[in-house]
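Read off the chains here:
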Amino acid sequence: MFEAKAYAARDAKSPLSPFTISRRDPGDDEVRIKILYCGVCHSDLHIARNEWGQTTYPCVPGHEIAGRVTQAGKAVKKFKEGDIAAVGPMCDSCRQCGPCRDGLEQFCENGTTFTYGSKDKRHGGITYGGYSESIVVSEAFAVRMPQNLDLAGAAPLLCAGITTYSPLRFHAVGRGKKAGVAGLGGLGHMGVKLAKALGARVVVFTTSPGKTQDALRLGADEVVLSTNEDAMKKHTNSFNFILDTVSAPHDINAYLQLLRLDGALVHVGLPPEPMGVDVGNLIFNRRKFTGSLIGGMAQTQEMLNFCGEHGIASDIEIISISKINEAYGRMLKGDVKYRFVIDMASLK
Ligand code: NAP
Ligand code: ZN
Ligand code: ZN
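Residues numbered from 1 in each chain as written. Chains lettered and ligands numbered in written order. Predicted model: local features only at pLDDT ≥ 70, side-chain atom pairs only at ≥ 80, totals over all residues. Heavy atoms only, no water.

### Looking at the coordination of the zinc ion (ligand 3)
Each donor-metal-donor angle in an ideal tetrahedron of four donors is 109.5 degrees, and each such angle in an ideal octahedron of six donors is either 90 or 180 degrees. Here the zinc ion (ligand 3) is held by the protein donor atoms Cys94 (SG), Cys97 (SG), Cys100 (SG) and Cys108 (SG), which lie 2.3 to 2.4 Å from it. The coordination sphere of the zinc ion (ligand 3) comprises four donor atoms, whose angles at the metal cover 104 to 119°; the geometry is tetrahedral. Positions of the donor residues of the zinc ion (ligand 3), expressed as sequence spacing, correspond to C-x2-C-x2-C-x7-C. (Donors = N, O, S within 2.8 Å, 3.2 Å for Na, K, Ca; no water. Tetrahedral: all angles 85-135°; square planar, octahedral: opposite > 155°, others 65-115°.)

Have a look at this one:
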């Protein structure tokens, strides 16, 4: 065991503050990673503040982790000391059930072990995430980063990237398809870049008029202010696919009505309260309303390779860890351009 400096939430109300955690020494198939950068996902905020009602304290958030391998177990094949490695929202699963064998570890029938706040079934205790100096993980749950991408900008690909890439691929979004992205935050801006790179026509729905120019720069063909009912109605029955990344309760029906025959609204945003669906909107046009959870390990590596080939990384604002509480406050106001990334060298 060794000690690692970290930042933790002690309860739902207090600001995050310095905390020391214990990490295990790496086993034969594990790597110890010195964390260089960690992205700040809105899920970190939901969980730190117990908005989903399942948080165990103290909670060390962070699941967009990029760093350098400082120790590799003797059976590790993918990495050697000094390599860059990355870890996303999962750090283990049973590796034996149907979904695990199919590369869908996020849907493990025996319960996925998430990178923080999860019971660690293999090693005991509760998992601690990336707002820390280091992490120890099996090589099966670590991925390689494309060498041509800036490491800080690539860190958010581990959650914001895969969470948007996975449903885009599952629903075959590409050339000839009209794809919408609702909410231009961390996930949304990755959704725009990826949908564009896949060849779709991309429309951004935002509540923030000030984000229009950015949306176009990021690759959107059109931007709609979602608070403008007339502007929304112009797109009725026209979308093959809409990715809803909005983190707070909002009117789902306004988006369902925009789908054409057999179109799909995929929710990845996870507001803490239920949202009402008018089933008439599903019956007409045989529309689908569905969700998606991050993505499996193989697909995460595929997404990273895709981003490397297309030169896609996140637009980031680097912060020091002492600014994390301020960053959460700004995230709640939709004031992120478009992902905060913690420079872990600031954790002293
Ligand atoms: P984020 O950076 O805060 O972006 C969310 C965006 O939603 C905001 O920038 C804003 O965009 C819009 N928004 C926020 N409040 C709103 C409101 N009251 N009404 C309408 N729009 C609002 O968050 P994120 O990191 O992208 O995460 C988004 C959501 O996805 C979170 O709920 C997170 O927990 C969830 N998530 C899910 C998965 C998964 O696997 N399914 C993975 C990661 C994250 P505009 O300013 O453009 O309107
Ligand atoms: Zn996340
Ligand atoms: Zn499993």
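More follows now that the structure is in view.
### Quick look at the pattern of salt bridges
This structure, assessed with the given rule, holds 20 salt bridges. The salt bridge involving Glu64 is made with Arg339; its shortest N-O contact spans 2.8 Å. On the criterion of sequence distance, the pair formed by Glu64 in the loop between α1 (42–48) and β4 (65–72) and Arg339 in strand β16 (residues 339–343) is long-range, its members being 275 residues apart. Using a relative accessible area of 0% as the deciding quantity, one classes Glu64 as buried. Across the pair Arg122 and Asp92 runs a salt bridge whose closest N-O atoms are separated by 2.6 Å. Of the two residues, Arg122 is situated in the loop between β7 (113–114) and β8 (134–138) and Asp92 in strand β6 (residues 90–92); the sequence distance between them amounts to 30 residues. We classify Arg122 as partly exposed; its relative accessible area is 47%. Taking the relative accessible area as the measure of exposure, Asp92 reaches 6% and is therefore buried. Here the salt bridges share partners, and the residues they tie into one network are Lys193, Asp214, Arg217, Asp315 and Lys337. (Salt bridge = Lys/Arg side-chain N within 4 Å of Asp/Glu carboxyl O. Helix = DSSP H or I, 4+ residues; strand = E, 2+ residues; numbered from the N terminus. Buried < 20%, exposed > 50% of the residue type's maximum accessible area, 1.4 Å probe, protein only.)

### Some points on the site of ligand 1
Ligand 1 sits among 29 residues. The nearest are Thr206, Thr207, Ser208, Lys211 and Arg339. The side chain of Ser43 places a nitrogen or oxygen atom 2.8 Å from an oxygen atom of ligand 1. The backbone of Leu184 places a nitrogen or oxygen atom 2.7 Å from an oxygen atom of ligand 1. Calculation on ligand 1 without its partners gives an accessible area of 920 Å², and the protein chains cover 89% of this total. Elements with a contribution of two residues or more to the shell around ligand 1: α1 and α5 (186–197). Residue contributions to the shell around ligand 1 peak at three residues, all from α1. Residues of the shell around ligand 1, tallied by class, amount to 12 nonpolar, 15 polar and two charged. Split by domain, the residues of the shell around ligand 1 number at least three in each of domain 1 (2–159 + 314–347) and domain 2 (161–291). (Near = heavy atom within 4 Å. Polar contact = N/O pair within 3.5 Å; in protein donor to acceptor, adjacent residues only side chain to side chain. Areas by Shrake-Rupley, 256 points an atom, 1.4 Å probe, with all protein chains shown as cover. Nonpolar A, V, L, I, M, F, W, Y, C, P; charged D, E, K, R; others polar. Domains from an automatic or database assignment.)

### Regarding the side chain of Thr55
With respect to the secondary-structure elements, Thr55 resides in the loop between α1 and β4. A distance of 2.6 Å separates the side chain of Thr55 from the backbone oxygen of Ile47, its partner in a polar contact. Sequence-distant contacts of Thr55, that is, excluding residues within four places in its chain, are made with Ile47 and Asn50. (Contact = heavy atoms within 4.5 Å.)

### Re α5
Over its 12 residues, α5 runs 17 Å from end to end, which matches the ideal 16 Å to within 8%, given 1.5 Å per residue. Burial runs high along α5: 10 of the 12 residues are buried. Along α5, the residues classified as buried are Gly186, Leu187, Gly188, His189, Met190, Gly191, Val192, Lys193, Leu194 and Ala195. Trailing α5 by a residue or two, Gly199 shows a phi angle of about 100°, which is positive. (Expected span 1.5 Å × (residues − 1).)

Interpretation note: all reported values are geometric properties and have no functional meaning in isolation.
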